[in-house]
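For reference, the chains in residue letters:
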Amino acid sequence: ILSPIHHLRQTGIHEGDFYGLILFAPVGMIVMAAANDLLVFFLGLETMSIAVYVLTGMWRASARSSEAAMKYFIMGAFATGFLLYGIALIYGATGSTNLNLIADFLIEQPSDWPLYLIGGGFLLLVGFAFKVGAVPCHFWVPDVYEGAPTPVTGFMAVAVKAAAFAAWARILLHKFSPLDTDWVFPLWVIAIGTMTFGNLLAITQTSVKRMLAYSSIAHAGYLLIAIVVGEEWGGLPLVFYVATYAFMTLGAFAVLTCVADGDALNESYRDFAGLGFKRPFLGLAMSLFMLSLAGFPPLAGFAGKFYIFRGAVLSGHLGLAIIGVLNSLLSVIYYLRVIVAMYMEEGGAAGKSFAQTPYGYIAIAFAVIGTIYLGILPATALDWSRVAFSSLE
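Predicted model, so just to flag it, every value in this text is computed and none were measured.

### Describing the overall build of the protein
Piece 1. Within the protein, the secondary structure is distributed over 17 helices and zero strands.
Piece 2. Residues counted as buried form 59% of the 393 residues belonging to the protein.
Piece 3. In the protein, once contacts between residues fewer than 6 apart in sequence are set aside, the share between residues at least 24 apart is 79%.
Piece 4. Just so you have it, the protein exposes about 15,100 Å², and 70% of that area is on carbon and sulfur atoms.

### Details of the pattern of salt bridges
Piece 1. The full count for this structure, using the stated rule, is six salt bridges.
Piece 2. Among the salt bridges present, the one from Lys71 reaches Asp143, with a minimum N-O distance of 3.0 Å. Within this pair, whereas Lys71 is found in helix H4 (residues 63–94), its partner Asp143 is found in helix H7 (residues 140–147), the two being separated by 72 residues in sequence.
Piece 3. The salt bridge partner of Arg210 is Asp143, with a shortest N-O separation of 3.2 Å. Here the residue Arg210 occupies a position in helix H10 (residues 208–229), and Asp143 occupies one in helix H7, the gap between them amounting to 67 residues.
Piece 4. Overlapping salt bridges, with partners in common, bring together Arg64, Glu67, Lys71, Asp143, Glu146 and Arg210 in one network.

### Comments concerning helix H13 (residues 280–294)
Piece 1. Counted at 1.5 Å a residue, the expected span for H13 with its 15 residues is 21 Å, and the 21 Å between its end C-alpha atoms agrees.
Piece 2. Judged by how many residues are buried, H13 sits mostly within the fold: eleven of 15 residues are covered.
Piece 3. Regarding H13, the residues found buried are Leu282, Gly283, Ala285, Met286, Ser287, Leu288, Phe289, Met290, Ser292, Leu293 and Ala294.
Piece 4. On its buried face, H13 sits against H10, helix H11 (231–259), helix H12 (275–278), helix H14 (300–314), helix H15 (318–344) and helix H16 (358–376).

### As for H11
Piece 1. Under the 1.5 Å per step criterion, the end-to-end length of H11 is 41 Å for 29 residues, consistent within 8% with the ideal 42 Å.
Piece 2. Judged by how many residues are buried, H11 sits mostly within the fold: 23 of 29 residues are covered.

### Concerning the nonpolar core
If you look at soluble globular proteins, the nonpolar side chains tend to sit buried side by side.
Piece 1. Grouped together as the largest cluster of nonpolar side chains are 120 residues, with contacts concentrated most on Trp168, Leu187, Met211, Ile227, Phe272 and Met290.
Piece 2. Top element by residues in this core is H10. It accounts for 16 residues.
Piece 3. What Phe272 contacts, discounting residues up to four positions off in sequence, is Val208, Val255, Leu256, Val259, Asn266, Met286, Val338, Ala341 and Met342.
Piece 4. Of all hydrophobic cores here, the second largest spans eight residues; its members include Phe240, Ala300, Tyr307 and Ala381.

### Some points on unusual backbone geometry
Piece 1. Cis geometry marks the peptide bond from Val135 to Pro136; its omega dihedral reads 5°.
Piece 2. With respect to the helices and strands, Pro136 occurs in the loop between helix H6 (115–132) and H7.
Piece 3. Cis rather than trans, the peptide bond between Pro297 and Pro298 has omega equal to 0°.
Piece 4. With respect to the helices, strands and loops of the structure, Pro298 is situated in the loop between H13 and H14.

### A short note on the packing of H14 against H15
Piece 1. The contact between H14 and H15 brings their axes to 7 Å, and the two run at 155°. When the axes of H14 and H15 are compared, the pair comes out roughly antiparallel. For the pair H14 and H15, the sense of crossing is left-handed. Each of Lys305, Phe309, Ala312 and Val313 in H14 lies in contact with H15, whose residues at this interface are Leu318, Ala321, Gly324, Val325, Ser328 and Ser331.
Piece 2. Partitioned by chemical class, the residues of the contact of H14 with H15 number six nonpolar, three polar and one charged.

### Re the packing of aromatic side chains
Piece 1. For the coordinates displayed, the defined rule picks out 19 aromatic pairs.
Piece 2. For the pair Phe41 and Phe128, a centre-to-centre distance of 5.5 Å together with 45° between the ring planes defines the contact as tilted. Taken as a pair, Phe41 in helix H3 (residues 38–56) and Phe128 in helix H6 lie far apart in primary sequence, 87 residues in all. An identical accessibility class is assigned to Phe41 and Phe128; each is buried.
Piece 3. Measuring from ring centre to ring centre gives 6.1 Å for Trp140 and Tyr145, while their planes differ by 75°; the resulting arrangement is edge-to-face. Neither Trp140 nor Tyr145 differs from the other in exposure class; each is buried.
Piece 4. Three or more aromatic residues link up through ring pairs in this structure, and these residues are Tyr53, Tyr72, Phe73, Phe130, Trp140 and Tyr145.
Piece 5. In this arrangement the basic side chain of Arg337 is found over the ring face of Tyr269, its NZ or CZ atom lying 3.9 Å from the centre.

### Things to note about a nonpolar patch on the surface
Piece 1. Together, Val313, Leu318, Ile322, Val325, Leu326 and Leu329 line one region of the surface with nonpolar side chains, adding up to about 530 Å² of accessible area.
Piece 2. No other element matches the five residues that H15 contributes to the nonpolar patch.
Piece 3. One can find Val325 in helix H15.

### Things to note about the packing of H10 against H13
Piece 1. Where H10 meets H13, the axes come as close as 12 Å, and the angle between the chain directions of the two elements is 30°. Comparing the axis directions of H10 and H13 gives the class roughly parallel. Crossing geometry of H10 relative to H13 is assigned as left-handed. Contact residues: Val208, Met211, Leu212 and His219 in H10; Met286, Met290 and Leu293 in H13.
Piece 2. Partitioning the contact of H10 with H13 into residue classes produces six nonpolar, one polar and no charged.

### Looking at the side chain of Ser216
Piece 1. Turning to its location among the elements, Ser216 is positioned in helix H10.
Piece 2. For Ser216, the side chain forms a polar contact with the side chain of Lys161, separated by 3.2 Å.
Piece 3. In this view, Ser216 contacts Tyr145, Ala157, Lys161 and Tyr245; residues no more than four positions away in its chain are not counted.

Conventions and cut-offs
- Residues numbered from 1 in each chain as written.
- Predicted model: local features only at pLDDT ≥ 70, side-chain atom pairs only at ≥ 80, totals over all residues.
- Heavy atoms only, no water.
- Helix = DSSP H or I, 4+ residues; strand = E, 2+ residues; numbered from the N terminus.
- Buried < 20%, exposed > 50% of the residue type's maximum accessible area, 1.4 Å probe, protein only.
- Contact = heavy atoms within 4.5 Å.
- Areas by Shrake-Rupley, 256 points an atom, 1.4 Å probe, with all protein chains shown as cover.
- Salt bridge = Lys/Arg side-chain N within 4 Å of Asp/Glu carboxyl O.
- Expected span 1.5 Å × (residues − 1).
- Core = buried A, V, L, I, M, F, W, Y, C linked by side-chain atoms within 4.5 Å.
- Axes fitted to C-alpha atoms, helices over the stretch in contact; angles between N-to-C directions.
- Parallel < 35°, antiparallel > 145°, perpendicular 65-115°, else oblique.
- Left-handed = near helix turned anticlockwise from the far one by under 90°.
- Nonpolar A, V, L, I, M, F, W, Y, C, P; charged D, E, K, R; others polar.
- Phe/Tyr/Trp six-rings, centres within 6.5 Å; stacked < 30°, edge-to-face > 60°.
- Lys NZ or Arg CZ within 6 Å of the ring centre and 35° of its normal.
- Patch = residues over 30% accessible without salt bridge, like charges linked within 9 Å, V, L, I, M, F, W, Y side chains within 5 Å.
- Polar contact = N/O pair within 3.5 Å; in protein donor to acceptor, adjacent residues only side chain to side chain.

The structure is reproduced here in structure tokens:
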């Protein structure tokens, strides 16, 4: 999905550099998600971020790619300052950066916390909000996703977001749970703002790629519901939804890669006109991904949202679940717009054949299978999600 050879050559990206960075970035992700110390977590985060900054600007012939990389770097450095200062405040209050020792401190002293300890926790929230593209730290997402090479955008939309939410769940749900009375309401507000803002602006877009960027913001809001709900009802749905989101989103960006033709990116809705008849497989796959992202049964997106909203209801956050459902209904407007263009309009790009990009078609087929399987038979994936979430402890 991430690296069709022909696409890299057409965009002037050296394949060895791309493969190296694609392998380098997950090192930081693994360290970040598995770290038991805030400083180790920070080092993993920056290792991942530097690789992604470079990946964003690897399309050297494109001024748009360079601009996106610079915006991402500047905004990322700004968010890093908040994160690092938050770690410093937490260290000053607890005397340690080890997550277990910090958790023990919070349990042993359940009240009378220093004000700067709570302030450090909120600064951590700012850093996390930037990495997942949550409101109000979302401004970089549309420009960076649009400017980066499409395979890199798919990698950022899924891998970076998944790693950030894994770290968020590890720190907030497992370790800092005694602080939940302080951060639940701010996260409640952020989740609603992220869902609503992402969906409303996605409706106004004329570019499918930019629409998917705002869609990514909205889905970050759905995932934040699981963080708000807490460890008991939100842990398993969080991991399961990340898995379903990965198949749907990577598949959609893979189709975008197959629709592009050299310097012609073909990212607008007009470029998708008639694609369902010119390239039936691409049209059918994109339709499945759009319907799944919108939450239509029996696809993976429906199952993921069902468990997220179910957890919110069972934990007493009924209002948050209702707002999430309404936002999901709102998203149908712009997801169906892609399907309408592919089957009810004429013109547009021809799209690549299987002979031109066999690996792209295989990757899309894999994403289609995952999207259907997780929607119809989610039981096995739910068991794996439970094990995965338990391992974050």
